[in-house]
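Chains, contacts and geometry: an overview
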Amino acid sequence: MHIVALRAFRDNYLWLVHDGRRALVVDPGAAAPVVAACESQGLQLAGILVTHHHRDHTDGIVPLLDRQRVPVWGPADEPIPGRTHAVRDGDRIQPPGMDVMFEVMHVPGHTLGHVAYAGADALFCGDTLFSAGCGRLFEGSPAQMLGSLERLAALPAHTKVHCAHEYTLSNLQFARRVEPENADMASYTTWCEQRRADDAPTLPGTIGQELLVNPFLRVHTDAVRQSLAMRAGRLPVDRVEAFAWLRGWKDQC
Ligand SMILES: [Zn+2]
């Protein structure tokens, strides 16, 4: 299975999953890049996966369906235009005619119904987990988002993380304020700067890499706890408080 990043808007990635013949697209906020990629590579669109209801993830669905009826999988508890299959935690998705299966994970926090799709050693996590960062809490609580991130962090270390935005370098700027001594963050920053200079995506990374460089997956570590304590005047009482403080700090940056 091949996975290709299609760019849209300022910094969105729509992910195209294909076998050389049939293709799925994840979070089509726009239709044009999907149509262009399918036409230029001779692919037939076989389905659409949606992680959450925000328009930069959904506005391309109806225009794509106007061209061709395909199944649309999306979270059961959110309004998703054109959805044909409402999915819930633990559901398994087998797109017709393709040799791939995805498991649905409910990951509330950014939105309450947000889902992620895991399969073929890949994770499509929408706006929940970003490289070196995480989504804003528009609808959910810190405890919900932390629970969601901890589930994603427990996936096999080699799982490739396909986030929906190219936010890596700005996330790393914040991450390095939190953990100035973190050598993995420093070397990852150098690598990401080179990728962006070459106009290439920094994504996908891996879960194993994120555990080293993503402060929101590291709220249990002494380094992050001490950094938070320097600001607050005391240590956070638990991981949820640490996560809430860290997210609040990032929101002010
Ligand atoms: Zn969003």
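For the structure, see preceding data.
1. Let's talk about the coordination of the zinc ion
Coordination of the zinc ion by the protein is provided by H52 (NE2), H54 (ND1), H110 (NE2) and D127 (OD), with metal-donor distances spanning 2.2 to 2.3 Å. Bound by four donor atoms, the zinc ion shows angles of 90 to 168° at the metal and therefore irregular coordination geometry. For the zinc ion, all donor residues lie on one chain, and their spacing in sequence is H-x1-H-x55-H-x16-D. Residue H54 is found in the loop between β4 (44-49) and α2 (55-58), and its partner H110 is found in the loop between β8 (102-106) and β9 (115-119); the two are separated by 56 residues along the sequence. The pair formed by H54 and H110 is uniform in burial state, with each residue classed as buried.

2. Section: the pattern of salt bridges
For the structure on display, the rule yields eleven salt bridges. R88 is the salt-bridge partner of D77, the closest N and O atoms lying 3.3 Å from each other. Of the two residues, D77 is situated in the loop between β5 (72-75) and β6 (85-87) and R88 in the loop between β6 and β7 (92-93); the sequence distance between them amounts to eleven residues. We classify R88 as partly exposed; its relative accessible area is 47%. Connected through salt bridges with shared partners, the residues R136, R247 and D251 form a single ionic network.

3. Looking at the state of the cysteines
In the structure shown here, the tally under the stated rule is zero disulfides. Distance from the sulfur of C134, which forms no disulfide, to the nearest cysteine sulfur (C125) is 11 Å. Of all cysteine sulfurs in the structure, the one in C125 sits closest to C163, which takes part in no disulfide; the separation is 4.4 Å. The class of C163 is buried, set by a relative accessible area of 1%.

4. What to know about the sheet that holds strand β1 (residues 2-8)
A sheet is described by the order of its strands in space; here six strands give the open sequence β1-β2-β3-β4-β5-β6, paired in mixed fashion. The outermost strands of the open sheet, each flanked by one partner alone, are β1 and β6. In this sheet, neighbouring strand axes are inclined to one another by 25° on average, regardless of whether the strands run parallel or antiparallel. Relative to β5, β4 is paired through two bridges, and the arrangement is parallel. Across the sheet, the residue bridging to I48 is V72, located in β5. Against the sheet, helix α1 (residues 32-41) engages β1, β2 (12-18), β3 (22-26) and β4, with an angle of about 35° to β2.

Criteria and thresholds
- Residues numbered from 1 in each chain as written.
- Predicted model: local features only at pLDDT ≥ 70, side-chain atom pairs only at ≥ 80, totals over all residues.
- Heavy atoms only, no water.
- Donors = N, O, S within 2.8 Å, 3.2 Å for Na, K, Ca; no water.
- Tetrahedral: all angles 85-135°; square planar, octahedral: opposite > 155°, others 65-115°.
- Helix = DSSP H or I, 4+ residues; strand = E, 2+ residues; numbered from the N terminus.
- Buried < 20%, exposed > 50% of the residue type's maximum accessible area, 1.4 Å probe, protein only.
- Salt bridge = Lys/Arg side-chain N within 4 Å of Asp/Glu carboxyl O.
- Disulfide = S-S within 2.5 Å.
- Pairing = 2+ DSSP bridges.
- Axes fitted to C-alpha atoms, helices over the stretch in contact; angles between N-to-C directions.
- Contact = heavy atoms within 4.5 Å.

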